[in-house]
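A structural walkthrough
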Amino acid sequence: YGYNVVICNTRGNQDKEREYLDTLERNLFDGLIVGSAFLSDEYYMNIEKPIISLDRIIPGIPLVTSDHHQGGILAGDLEKGCKKVMCFSDPTRMELASADSARALIDVMEKHNREVIIESFQWEEVINYQLCMKRTRTLLDQYPDVDGIMALDLCAAAFLKTEKNKKILAYDGTYVTDFNYHSIDSIVQDAKKVAKESVNMLIKLINDQPLKKREV
């Protein structure tokens with residue numbers, strides 16, 4: 001399409017997020033694809049520039065996402081041999097499309113009379129392996145009878161390094177899962193397809209072309 005691409009990382013910092021959005025409003029960028037959004041819905045809704053969201057459900061902002069409901073069902077099928085599963089996706093986060101995976105996992109496990117424990121990692125722990133390992137050990141001490149775990153790739157890798165006798169499932173299937181001596185079962189998102197759909201939709205918005213769907 002002839003556009004340059006700038007990769008921005010806010011690391012969960014809302015001030016940095018505002019800075020990037022400000023560059024969009026000042027026409028330094030033609031459009032923006034948002035992976036993780038921490039500012040309020042209202043902040044994004046007041047921006048009259050082309051934006052595509054990859055997970056956060058923001059009113060008025062087109063959404064491109066994987067079929068996380070199906071991902072949760074697949075995870076449940078892989079974990080249903082376990083008696084107690086720890087899940088790191090909050091099913092109450094209705095604003096996140098990815099939370100569908102937790103809701104579907106819970107449905108599958110409950111049908112088999114299995115218990116699901118919902119826990120979380122802080123953003124700093126998700127992106128910092130040492131902090132992730134520390135949190136992992138704390139959780140394993142807290143729940144010694146857990147025999148199944150579904151977590152994002154880095155967190156799943158940390159669990160595998162600490163505890164090899166549990167059914168550990170990585171959710172995303174990025175390159176991080178290849179860093180381990182032992183392989184990790186993974187629910188793999190089609191990142192290339194998500195990227196292609198996101199770019200196609202953003203280009204249409206930039207060129208004032210109508211979208212057939214505002215959620216893909």
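A brief look at the structure comes next. Quick caveat, the model's predicted, so the values are computed rather than measured.

Observations regarding the packing of helix α6 (residues 129–142) against helix α7 (residues 153–162)
One can describe the packing of α6 onto α7 by two numbers: an axis separation of 9 Å at closest approach and a directional angle of 60°. Judged by the inter-axis angle, α6 sits oblique to α7. Considering only the axes of α6 and α7, their crossing is right-handed. Contacts from Tyr129, Cys132, Met133, Thr136, Arg137, Leu139 and Leu140 of α6 reach α7 at Leu154, Cys155, Ala157, Ala158, Phe159, Lys161 and Thr162. Here the residues of the contact of α6 with α7 are counted per class, giving 10 nonpolar, 2 polar and 2 charged.

Quick word on the pairing of strand β6 (residues 167–172)
As paired elements, strand β5 (residues 148–152) and β6 share 5 bridges and run parallel to each other. Bridge pairing in β6 places leucine 152 opposite tyrosine 171. Pairing of β6 with strand β7 (residues 185–188), which is carried by 4 bridges, proceeds in the parallel orientation. Bridging from a neighbouring strand, aspartate 172 pairs with valine 188 of β7.

Brief notes about the environment of tyrosine 43
The residue tyrosine 43 is located in helix α2 (residues 41–45) in this model. Taking relative accessible area as the criterion, tyrosine 43 reaches 31% and is therefore assigned partly exposed. When the C-alpha atoms of tyrosine 43 and leucine 21 are compared, they prove to be 9.4 Å apart, with 22 residues separating the residues in sequence. Dropping the residues within four chain positions of it, tyrosine 43 is found in contact with Arg18 and Leu21.

Quick word on the pattern of salt bridges
All chains considered together, the criterion is met by 9 salt bridges. We note a salt bridge from lysine 84 to glutamate 115, for which the minimum N-O separation is 3.8 Å. Pair noted here: lysine 84 is in strand β3 (residues 84–87) and glutamate 115 is in strand β4 (residues 115–118), with a separation of 31 residues, a long-range link. Given a relative accessible area of 41%, glutamate 115 falls into the partly exposed group. The shortest N-O distance in the salt bridge between aspartate 100 and arginine 103 comes to 2.4 Å. You can see aspartate 100 and its partner arginine 103 sitting in helix α4 (residues 100–111), 3 residues apart, about one turn around the helix. Note on aspartate 100: relative accessible area 28%, which makes it partly exposed. Exposure remark for arginine 103: the relative accessible area of 23% places this residue in the partly exposed category.

A look at the sheet that holds β6
Ordered in space as β4-β3-β5-β6-β7, the 5 strands form an open sheet in which the pairing is parallel. Of all strands in the sheet, those bounded by a partner on one side alone are β4 and β7. Pairwise comparison of adjacent strand axes, ignoring direction, gives a mean angle of 20° for this sheet. Its contacts with the sheet put helix α3 (residues 68–79) on β3, β5, β6 and β7, and the angle it makes with β6 is roughly 165°.

Here's the deal with the packing of aromatic side chains
Two measures describe an aromatic ring pair: the distance that separates the ring centres and the angle between the ring planes. Per the counting criterion, the structure on display carries 1 aromatic pair. A centroid spacing of 5.5 Å and a plane angle of 45° characterise the contact between phenylalanine 88 and phenylalanine 159, whose relative ring orientation is tilted. Of this pair, phenylalanine 88 sits in the loop between β3 and α4 while phenylalanine 159 sits in helix α7, and the two are 71 residues apart along the sequence. Residues phenylalanine 88 and phenylalanine 159 agree in their burial class; the two are buried.

Cut-offs and rules
- Residues numbered from 1 in each chain as written.
- Predicted model: local features only at pLDDT ≥ 70, side-chain atom pairs only at ≥ 80, totals over all residues.
- Heavy atoms only, no water.
- Axes fitted to C-alpha atoms, helices over the stretch in contact; angles between N-to-C directions.
- Helix = DSSP H or I, 4+ residues; strand = E, 2+ residues; numbered from the N terminus.
- Parallel < 35°, antiparallel > 145°, perpendicular 65-115°, else oblique.
- Left-handed = near helix turned anticlockwise from the far one by under 90°.
- Contact = heavy atoms within 4.5 Å.
- Nonpolar A, V, L, I, M, F, W, Y, C, P; charged D, E, K, R; others polar.
- Pairing = 2+ DSSP bridges.
- Buried < 20%, exposed > 50% of the residue type's maximum accessible area, 1.4 Å probe, protein only.
- Salt bridge = Lys/Arg side-chain N within 4 Å of Asp/Glu carboxyl O.
- Phe/Tyr/Trp six-rings, centres within 6.5 Å; stacked < 30°, edge-to-face > 60°.

So, to be careful, I would describe these as geometric facts and stop short of saying anything about function.
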